[in-house]
Amino acid sequence: MNLLRPTGLMVAILSAAPVVCATGAAVAQPVDPAAEARAAFQEGVRNFAAQRYAEALVAFQRAYRTRPHPSVLVNIANCQLALDQPQEAIASFERYLSDPTANITDAQRMEIQGTLTEARLRVVTVTVLAQPPGAEVYIDGTLVGTAPLRGARLVAAGPHVFEARTPGAASVQHQARF
């Protein structure tokens, strides 16, 4: 039975509707996380097929938050690759491969390993040294930690802005292209 047929979707939508009692008052039905996740997943599939990758990513992430299933991480990673976010895609693929509940065939593992190899060619590893200790460190406007940072960071190849912010002092920026 194909659960992704439109009739299956319609049943899921109807079953989530409020029930009206004889008095006319609505009684809220509990939300079915499986149906909600399935609807979000289907929305992601439709958006991905239409090359609306940002919308697909949001839908797949919503499906995963609602009812985590390891295979959704592959869909998330594929969106991230399409959006030129290789570092995020690498993290999503690695999370999928390390999930003990994922039922991964050898062929799937090999395909994902190949995609990971390609994604790793699109990133560089940087070590950020910032002063003074406690300064907030940003890469491209996103807070990545406080100085001193532990460990290297992955960034996509291309231009980046590194910034250290300390309360009461001027921020220090450095631009680099990798």
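What counts and what doesn't
- Residues numbered from 1 in each chain as written.
- Predicted model: local features only at pLDDT ≥ 70, side-chain atom pairs only at ≥ 80, totals over all residues.
- Heavy atoms only, no water.
- Phe/Tyr/Trp six-rings, centres within 6.5 Å; stacked < 30°, edge-to-face > 60°.
- Buried < 20%, exposed > 50% of the residue type's maximum accessible area, 1.4 Å probe, protein only.
- Pairing = 2+ DSSP bridges.
- Helix = DSSP H or I, 4+ residues; strand = E, 2+ residues; numbered from the N terminus.
- Axes fitted to C-alpha atoms, helices over the stretch in contact; angles between N-to-C directions.
- Expected span 1.5 Å × (residues − 1).
- Arc of directions from axis to C-beta.
- Contact = heavy atoms within 4.5 Å.
- Core = buried A, V, L, I, M, F, W, Y, C linked by side-chain atoms within 4.5 Å.

1. Quick look at the packing of aromatic side chains
Link 1 in the chain: Counted under the stated rule, the structure contains three aromatic pairs.
Link 2 in the chain: Consider the rings of Phe48 and Tyr53, whose centres lie 5.0 Å apart with planes at 65 degrees: the pair is edge-to-face.
Link 3 in the chain: Classification of Tyr53 by relative accessible area gives partly exposed; the value is 22%.
Link 4 in the chain: Plain terms: the ring middles of Phe162 and Phe178 are 6.1 Å apart, the flat faces sit at 85 degrees to each other, and that makes the pair edge-to-face.

2. Some points on the pairing of strand S7 (residues 159–165)
Link 1 in the chain: Bridge analysis of strand S4 (residues 136–139) against S7 gives four bridges, and the strand direction is antiparallel. Residue pairing across strands places Tyr138 opposite Glu163, the latter belonging to S7.
Link 2 in the chain: One ladder, built from six bridges, connects S7 with strand S8 (residues 172–177); its direction is antiparallel. Note that in S8 the partner of His160 across the bridge is Ala176.
Link 3 in the chain: In this structure, the hairpin formed by S7 and S8 is closed by a connection of six residues, where Gly168 is found at a positive phi of approximately 80 degrees.

3. Considerations on the sheet that holds S7
Link 1 in the chain: Strands sit in the order S5-S4-S7-S8 across an open sheet of four strands; the sheet is antiparallel. At either margin of the open sheet sits one strand with a lone partner, and together these are strand S5 (142–146) and S8. Along the sheet, successive strands turn relative to each other by an average axial angle of 20 degrees, direction set aside.

4. Considering helix H5 (residues 86–98)
Residues three or four positions apart in an α-helix share a direction because the helix packs 3.6 residues into each turn.
Link 1 in the chain: Given a rise of 1.5 Å per residue, 13 residues ought to cover 18 Å, and the 18 Å separating the end C-alpha atoms of H5 matches this to within 8%.
Link 2 in the chain: Where H5 is concerned, the buried positions are Pro86, Ala89, Ile90, Ser92, Phe93, Tyr96 and Leu97. Buried residues of H5, seen end-on, are gathered within an arc of 165 degrees and therefore sit on one face of the element.

5. Thoughts on the environment of Gln131
Link 1 in the chain: Checked against the element boundaries, Gln131 lands in the loop between strand S3 (123–126) and S4.
Link 2 in the chain: Expressed as a C-alpha distance, the spacing of Gln131 and Thr166, which sit 35 residues apart in the sequence, is 9.0 Å.

6. Things to note about helix H6 (residues 106–120)
Link 1 in the chain: Its 15 residues place the ends of H6 21 Å apart at the C-alpha level, agreeing with the 21 Å of an ideal helix rising 1.5 Å per residue.
Link 2 in the chain: Structurally, H6 contributes buried residues whose contacts are with helix H4 (72–82), H5 and S3.

7. Comments concerning the nonpolar core
Link 1 in the chain: Counting 22 residues, the largest nonpolar core has Phe60, Ile76, Phe93, Tyr96, Leu97, Ile112 and Leu116 as its most contacted members.
Link 2 in the chain: Among the secondary structure elements, those contributing two or more residues to this core are helix H3 (53–66), H4, H5 and H6.
Link 3 in the chain: Among the elements that make up this core, the one with the highest residue count is H4 (seven residues).
Link 4 in the chain: With sequence-adjacent residues up to four places away left out, Phe93 is seen in contact with Val74, Ala77, Asn78, Leu81, Ile112, Thr115 and Leu116.

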